[in-house]
Amino acid sequence: MTDRNVEPDHLSELTGDEGGLWRVSTRDSDHYVDLERGTVTRVPGANAPPTVNDRARPLRTITAIKVGHRGRWTMHTDGWDDEIDFFWANTSLIAAIERISRDDFPGAGGDLPG
């Protein structure tokens, strides 16, 4: 029997309505989605090049975050920019979406992955 009051540790899809802290693992990187603070942080894997999204950015929209599919979302810029309205992410295939604690977030212990 499933207890409906217990929140799942893993999801097949993240819409943004769930709240909480999530690690979205793709083929090449991990993306840390903080739905409490409204941010997303990319941590590139060994074979992934760095991007402008490798830091906490304010989450703007979620188009798709679903296991077995490419992730797509947009993020706000750091401030007004005449040439850039927003940043976007288009990930490799998502392998897993798991709830994590604040201690599991990049930089929680003072050290940033890299």
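Given the structure is predicted, the values throughout are model-derived calculations rather than measurements.

The volume enclosed by the largest pocket comes to roughly 310 Å³. Lining the largest pocket are 20 residues, and of these H31, R42, T51, N90 and T91 lie nearest its centre. Going through the elements one at a time, β3 (29–34), β4 (39–44), β6 (70–75) and β7 (87–99) are the ones with two or more residues in the lining of the largest pocket. Per-element accounting of the lining of the largest pocket gives the leading share, five residues, to β7.

The biggest cluster of nonpolar side chains holds 15 residues, and the ones touching the most others in it are L14, W22, V24, V33, I65, W73 and I97. Every element with two or more residues in this core is listed here: β2 (21–26), β6 and β7. With four residues, the top contributor of residues to this core is β7. Those residues in contact with I65 that lie beyond four places of it in its chain are S12, E13, L14, V24, W73, I94 and I97. Listed in part, the five residues of the second largest apolar core include L21, Y32, V43 and F105.

On to the side chain of T41, then. Mapped onto the elements of the fold, T41 is located in strand β4. The exposure class of T41 is buried, given its relative accessible area of 11%. Within the structure, the side chain of T41 is placed 3.5 Å from the backbone nitrogen of A56, a separation counted as a polar contact. Those residues in contact with T41 that lie beyond four places of it in its chain are D30, H31, Y32, N53, R55, A56 and P106.

Once that is clear, we can look at the packing of aromatic side chains. Any pair of aromatic rings gets described here by the distance separating the centres and the angle formed by the planes. Taken as a whole, this structure holds one aromatic pair when the rule is applied. Taking NZ or CZ as reference, R60 lies 3.8 Å from the ring centre of F86, over its face. Between R102 and the ring centre of F105, over which it is positioned, the NZ or CZ distance is 5.5 Å.

Moving on: the confidence of the model for the chain. In the predicted model, the chain carries a mean pLDDT of 86, and 84% of its residues have values of at least 70. Under a pLDDT of 50 for its full length, residues 110–114 has, in the predicted model, five contacts with residues more than four places off or in other chains.

The side chains of a regular strand alternate between both faces of the sheet. Sheet analysis places strand β5 (residues 57–64) next to β6, joined by four bridges and oriented antiparallel. From the neighbouring strand, I62 faces β6, where its bridge partner is W73. Counted along the chain from β5 to the antiparallel partner β6, the turn is five residues long, and its residue G68 has a positive phi close to 90°. Where β6 meets β7, five bridges bridge the pair, whose relative direction is antiparallel. Bridge pairing in β7 places T74 opposite W88.

The rules behind each value
Numbers given to residues run from 1 along each chain, matching the order in which its sequence is written. Totals for whole chains, interfaces and linings use all residues, but because this is a predicted model, local features are given only for residues with pLDDT of at least 70 and pairs of side-chain atoms are given and counted only at 80 or more. To obtain the side-chain values, all non-hydrogen atoms of the structure were included, while hydrogens and water were left out. In this analysis, the protein atoms alone were mapped onto a 1 Å grid. Cavities are point sets where a 1.4 Å probe fits without being able to get out; pockets are open sets with protein on both sides within 12 Å along at least five of seven lines; lining residues have an atom within 4 Å of a point. Grid points are joined across faces, edges and corners, and a volume is the space filled by probe spheres set on the points. The numbering of helices and of strands both runs from the N terminus, where a helix is a DSSP run of H or I of at least 4 residues and a strand a run of E of at least 2. Nine residue types can take part in a nonpolar core, namely buried Ala, Val, Leu, Ile, Met, Phe, Trp, Tyr and Cys, and a core is a set of them joined through side-chain atoms within 4.5 Å. When accessible area is computed with a 1.4 Å probe and restricted to protein chains, residues below 20% of their type maximum are described as buried, those above 50% as exposed, and intermediate ones as partly exposed. Contacts: residue pairs with any heavy atoms within 4.5 Å of one another. For this analysis, a polar contact is any N or O atom pair within 3.5 Å, provided that within protein one partner can donate a hydrogen and the other can accept it, and provided that sequence-adjacent residues contribute only side-chain to side-chain pairs. The pairing test for Phe, Tyr and Trp rings, Trp by its six-membered ring, is centres within 6.5 Å, and the orientation test on the planes gives stacked under 30 degrees, edge-to-face over 60, and tilted for anything in between. Lysine NZ or arginine CZ positioned within 6 Å of the ring centre and within 35 degrees of the ring normal marks a charge as sitting over the ring. pLDDT measures the predictor's confidence residue by residue and takes values from 0 up to 100. Think of it this way: DSSP has to see at least two bridges between two strands before they count as a pair.

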